[in-house]
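Residue-level listing of the chains:
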Amino acid sequence: MAKQPKRIQAWTGDREAPMAFADAIKAVKENAKAKFDESIEIAVNLGVDPRHADQQVRGVVNLPSGTGRDVRVAVFAKDAKADEARAAGAEHVGAEDLYEKINGGFMEFDRVIASPDMMALVGRLGKVLGPRGLMPNPKVGTVTPNVAQAVKDAKGGAVEFRVEKAGIVHAGIGKASFTQEALEANVKAIVDALSRARPSGAKGTYVKKISLSSTMGPGFKIDPSSLGA
């Protein structure tokens, strides 16, 4: 059997038994020892079957402590709306010109926002943006007449979530450099948002498992009851 790398040998904490969410956050922070500021991600296993339309889970949550990421935003808008988007801090703003850039392979952005009148144009990029989870959607606030606020939300800590085929939701909830209190607030916010987004078709236990991990560190299991889930 191959010898484990030193960084794995140095991991501490019980990675098998579910623990209170505050203890899991502390354990993740203690094991985030890379030379860069590691991202921290939550994975929530939900009791849903996304193959059924009435068991889809999708939404957006504003993390109170932010994400620690520099979110690059592209906005489809014209005239005054375009000016508002630029003033709010959007990196890329346009209409047909932005469409041509993206259709030609330009992908230097993390979020796409569109004013409603632009969706006929944006819809033609479905095969490009859809597989990457970047297609604007009114359900998560990325198709809106208030593009300026949407840009501010995206840059200020708004995180989209969507259940995957296996019934799991993955989301970044901050950086290892965040304080314990900041990470606790973000974890609570996203679990609360998932609870509010419970679909009508979900039966039995909704939040089945929760785990937390950093970019280079191990995962730790959270007892859902410690979050009231």
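Please refer to the structure higher up on the page.
The structure displayed is predicted, hence computed values, not measured ones.

**With respect to the overall build of the protein**
A tally of helices and strands in the protein yields eight helices and nine strands. In terms of overall size, the protein behaves like a compact globule, its C-alpha atoms giving a radius of gyration of 19 Å where 229 residues would be expected to give roughly 17 Å. Each principal axis of the C-alpha atoms in the protein carries an extent, and together these give about 55 × 45 × 35 Å. By the burial criterion, 46% of the 229 residues in the protein qualify as buried. For the protein, restricting intrachain contacts to residue pairs at least 6 apart in sequence, the fraction spanning at least 24 positions comes to 73%. For the protein, the computed accessible surface area is about 11,800 Å², with 49% contributed by carbon and sulfur atoms.

**Digging into helix 3 (residues 79–88)**
For helix 3, the set of buried residues is A82, A85 and A88. Buried residues along helix 3 cover an arc of 125° about the axis, so they all sit on one side. Relative to its buried face, helix 3 has exposed residues pointing more than 90 degrees away, namely D79 and A87. Phi for G89, located one or two positions after helix 3, is positive at around 110°.

**Some words on the pattern of salt bridges**
Tallying each qualifying case throughout the model produces eight salt bridges. Residues K78 and E96 are paired through a salt bridge, measuring 3.6 Å at the closest nitrogen-oxygen approach. Of this pair, K78 sits in the loop between strand 3 (73–76) and helix 3 while E96 sits in helix 4 (residues 96–103), and the two are 18 residues apart along the sequence. The class for K78 is partly exposed, based on a relative accessible area of 37%. When the shortest N-O distance is used, the salt bridge between E91 and K155 registers 2.7 Å. Note that E91 is positioned in the loop between helix 3 and strand 4 (92–94) and K155 in helix 7 (residues 147–156), a separation of 64 residues in sequence. On the accessibility criterion, E91 (36% relative accessible area) is partly exposed. On the accessibility criterion, K155 (29% relative accessible area) is partly exposed.

**Notes on unusual backbone geometry**
One can expect most non-glycine residues to show negative phi and most peptide bonds to be in trans. Despite not being glycine, D79 has its phi angle at roughly 55°, a positive value. Following the sequence through the fold, D79 ends up in helix 3.

**Digging into the nonpolar core**
Of all hydrophobic cores here, the largest spans 39 residues; its most connected members are I42, V187 and L212. Among the secondary structure elements, those contributing two or more residues to this core are helix 2 (21–31), strand 1 (39–46), strand 6 (158–162), strand 7 (168–175), helix 8 (180–196), strand 8 (207–214) and strand 9 (219–222). In terms of residues, this core owes the most to one element, helix 8, which gives eight residues. Filtering out sequence-adjacent residues up to four positions away, I42 remains in contact with V169, H170, A171, I173, V187, I190, V191, I210, S211 and L212. A95, Y99, V122 and L125 belong to the second largest nonpolar core, which has 17 residues in total.

**Topic: the pairing of strand 8**
Here strand 1 pairs with strand 8 via seven bridges, running antiparallel. Among the inter-strand pairings, V44 is bridged to a residue of strand 8, identified as I210. Adjacent in sequence and paired antiparallel, strand 8 and strand 9 are bridged by four residues.

**Remarks on the side chain of N186**
Residue position: N186 is located in helix 8. The contact partners of N186, leaving out residues within four places of it in the chain, are L63, P64, S65, G66, I173 and F178.

**As for the sheet that holds strand 3**
Two pairing modes exist for strands in a sheet, parallel and antiparallel, and in both the strands are linked by backbone hydrogen bonds. The parallel open sheet is built from three strands, whose spatial order is 4-3-5. Edge positions in the open sheet fall to strand 4 and strand 5 (111–114), since each of these has one partner strand only. Across the sheet, the mean angle separating the axes of adjacent strands is 15° when strand polarity is ignored. The sheet contact formed by strand 3 and strand 4 spans three bridges and is parallel. In the sheet register, V75 faces strand 4, and the bridge partner there is V93.

Thresholds applied
- Residues numbered from 1 in each chain as written.
- Predicted model: local features only at pLDDT ≥ 70, side-chain atom pairs only at ≥ 80, totals over all residues.
- Heavy atoms only, no water.
- Helix = DSSP H or I, 4+ residues; strand = E, 2+ residues; numbered from the N terminus.
- Rg over C-alpha atoms; globule rule 2.2 N^0.38 Å.
- Buried < 20%, exposed > 50% of the residue type's maximum accessible area, 1.4 Å probe, protein only.
- Contact = heavy atoms within 4.5 Å.
- Areas by Shrake-Rupley, 256 points an atom, 1.4 Å probe, with all protein chains shown as cover.
- Arc of directions from axis to C-beta.
- Salt bridge = Lys/Arg side-chain N within 4 Å of Asp/Glu carboxyl O.
- Core = buried A, V, L, I, M, F, W, Y, C linked by side-chain atoms within 4.5 Å.
- Pairing = 2+ DSSP bridges.
- Axes fitted to C-alpha atoms, helices over the stretch in contact; angles between N-to-C directions.

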